[in-house]
Amino acid sequence: MPENKPTVLIVDDVEIIVSILEEILKDDYIVLTACNGREALELLGDAHPLPKLILLDVIMPELTGREMFEIMKTNDKLSRIPVIFITAEDDSESELLAAGAVDFIDKKSLVPDIVKLRVRNQIKLKNYSDSLEAMVAEKAAEATKTLENALQGLANIIEHRDLESGEHVKRTQLFVKALVDHLIEDESIYAEDLIKLQPDIIMKSMALHDVGKIAIPDRILLKPGKLDAGEYEIMKTHTTRGKEIIGELGDVKSSLYLRHCEDICYSHHERWDGNGYPRGLKEREIPLTARLASLADVYDALVCARVYKSAMPYEDALDIIITGRGTQFDPYITDAVVRIQDVFKEISEKYK
């Protein structure tokens, strides 16, 4: 059969009904059939592509049409397939439509032209809906890419201005990626949360952890020595300024990318024991992405040379990280750093 034909699934336990509908539709569609809801769901699990439309009987053995329809609603892909109910004499048409069906066909009057018309109209609507979704997704992807490029550009400006950082942005991104990958692969207590937070977006967001430094005066940012108390207070404001800058770039609530950027730049100097800044958050009050960023940022600051200090040996840096377990850093993430210390060392050497 030609591959450009849409696929229609007929689900009914009465063979004669299936045969009649199949005969009506076979010239215009690829027709799949199932005799009950359970068999239909198994078929849908293997179908590629998914049917454009399902003709679904209401009363069937093993799994009724209503039960199958409710299961479909819980699946993101299956819930988007329109359903025409095949009704019997005692079925309430208003209830079927209220349940979410797009139309209904009466078993007692399977008039070929009417069946074809109802099916054709619903598939036209489905194709139109799919086209709109594809167009919206394409525009959203373009907007996201533009935003990513703009934010990466900001990160590059900060890196070039903050002369001592060198490849700091790249290294910290890779440290966070290594941590996230390990915590997921190790099926850690954070694995499920990290998957939901989308690892690739977490890594991209790490580039903006110091975006607020763009507002710090050169005399402080580039000072070749330890900051005094007043200067340190000004330097600490890069967290709140970073939050403000991210907020000006778009709607943080509707963009996971911007939310991660905000959480990281605002909270990566918070401490597990509550003695960090700017809000004094404690333990799991601190966003998970910021807890990851904190360890990556501190580790990099220890093992890399700056204008005011030399690089610290990896073993000594790791000792300091371990000392901060449960006080400065999330204990579980600290343990993960210890487990993948060779990966951290390799990243530091490669992007020295």
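Located above this text is the structure these notes cover.
Residues numbered from 1 in each chain as written. Predicted model: local features only at pLDDT ≥ 70, side-chain atom pairs only at ≥ 80, totals over all residues. Heavy atoms only, no water.

## Focus on the overall build of the protein
- When you go through the protein residue by residue, the secondary structure sums to 16 helices and 5 strands.
- Computed over C-alpha atoms, the radius of gyration of the protein comes to 29 Å, more than 25% over the 20 Å expected from 2.2 N^0.38 for 352 residues, which places it beyond the range of a compact globule.
- Across its three principal axes, the protein shows a C-alpha extent of roughly 90 × 35 × 35 Å.
- By residue count, 44% of the 352 residues in the protein fall in the buried class. (Helix = DSSP H or I, 4+ residues; strand = E, 2+ residues; numbered from the N terminus. Rg over C-alpha atoms; globule rule 2.2 N^0.38 Å. Buried < 20%, exposed > 50% of the residue type's maximum accessible area, 1.4 Å probe, protein only.)

## Thoughts on a nonpolar patch on the surface
- A surface patch of nonpolar side chains, about 220 Å² in accessible area, is lined by Val-14, Ile-16 and Ile-20.
- The exposure class of Ile-16 is exposed, given its relative accessible area of 52%. (Patch = residues over 30% accessible without salt bridge, like charges linked within 9 Å, V, L, I, M, F, W, Y side chains within 5 Å. Areas by Shrake-Rupley, 256 points an atom, 1.4 Å probe, with all protein chains shown as cover. Salt bridge = Lys/Arg side-chain N within 4 Å of Asp/Glu carboxyl O.)

## Focus: the layout of surface pockets
- Approximately 370 Å³ is the volume attributed to the second largest pocket.
- Thr-7, Pro-49, Leu-50, Pro-51 and Lys-52 are the residues nearest the centre of the second largest pocket, which is lined by 20 residues in total.
- Mapped onto the lining of the second largest pocket, the elements with two or more residues apiece are β2 (30–34) and α5 (112–161).
- In terms of residue class, the lining of the second largest pocket is built from 10 nonpolar, 2 polar and 8 charged. (1 Å grid on protein atoms, 1.4 Å probe; cavity = no way out; pocket = protein on both sides within 12 Å on 5 of 7 lines; lining within 4 Å. Points joined across faces, edges and corners; volume = space filled by probe spheres on them. Nonpolar A, V, L, I, M, F, W, Y, C, P; charged D, E, K, R; others polar.)

## A look at unusual backbone geometry
- With an omega of 0°, the peptide bond running from His-48 to Pro-49 counts as cis.
- Position of Pro-49 relative to the elements: it lies in the loop between α2 (37–46) and β3 (53–57).
- Geometrically, the link from Tyr-277 to Pro-278 is a cis peptide bond, its omega value of 10° lying close to zero.
- Within the element layout of this structure, Pro-278 appears in the loop between α12 (256–267) and α13 (288–303).
- Non-glycine residue Glu-62 carries a positive phi angle of around 70°.
- You can see Glu-62 is positioned in the loop between β3 and α3 (65–73).
- The class of Glu-62 is exposed, set by a relative accessible area of 58%.
- The phi dihedral of Glu-187 falls on the positive side, at around 50°, and the residue is not glycine.
- Within the secondary structure, Glu-187 sits in the loop between α6 (168–185) and α7 (191–197).

## A short note on empty space enclosed by the protein
- Counted according to the given criterion, the structure contains 2 cavities of 30 Å³ or more.
- Here the second largest cavity defines a volume of roughly 50 Å³.
- For the second largest cavity, the full set of lining residues is Glu-270, Arg-271, Trp-272, Ile-286, Ala-290, Arg-291, Ser-294, Leu-295, Gln-328, Phe-329 and Asp-330.

## What about the sheet that holds strand β4 (residues 83–87)?
- The 5 strands are arranged β2-β1-β3-β4-β5 in an open sheet whose pairing can be described as parallel. For this open sheet the edge positions go to β2 and β5 (103–106), each flanked by a neighbour on one side alone. Pairs of neighbouring strands in the sheet enclose a mean axial angle of 20°, with direction left out of account.
- Summarising the sheet, strand β1 (residues 7–11) and β2 pair through 5 bridges and their orientation is parallel. The residue bridging Ile-10 from the neighbouring strand is Thr-33, located in β2.
- Set on the sheet, helix α1 (residues 15–25) makes contact with β1, β2, β3 and β4; between it and β1 the angle comes to about 165°.
- Docked against the sheet, α3 engages β1, β3 and β4, running at close to 145° with respect to β3. (Pairing = 2+ DSSP bridges. Axes fitted to C-alpha atoms, helices over the stretch in contact; angles between N-to-C directions. Contact = heavy atoms within 4.5 Å.)

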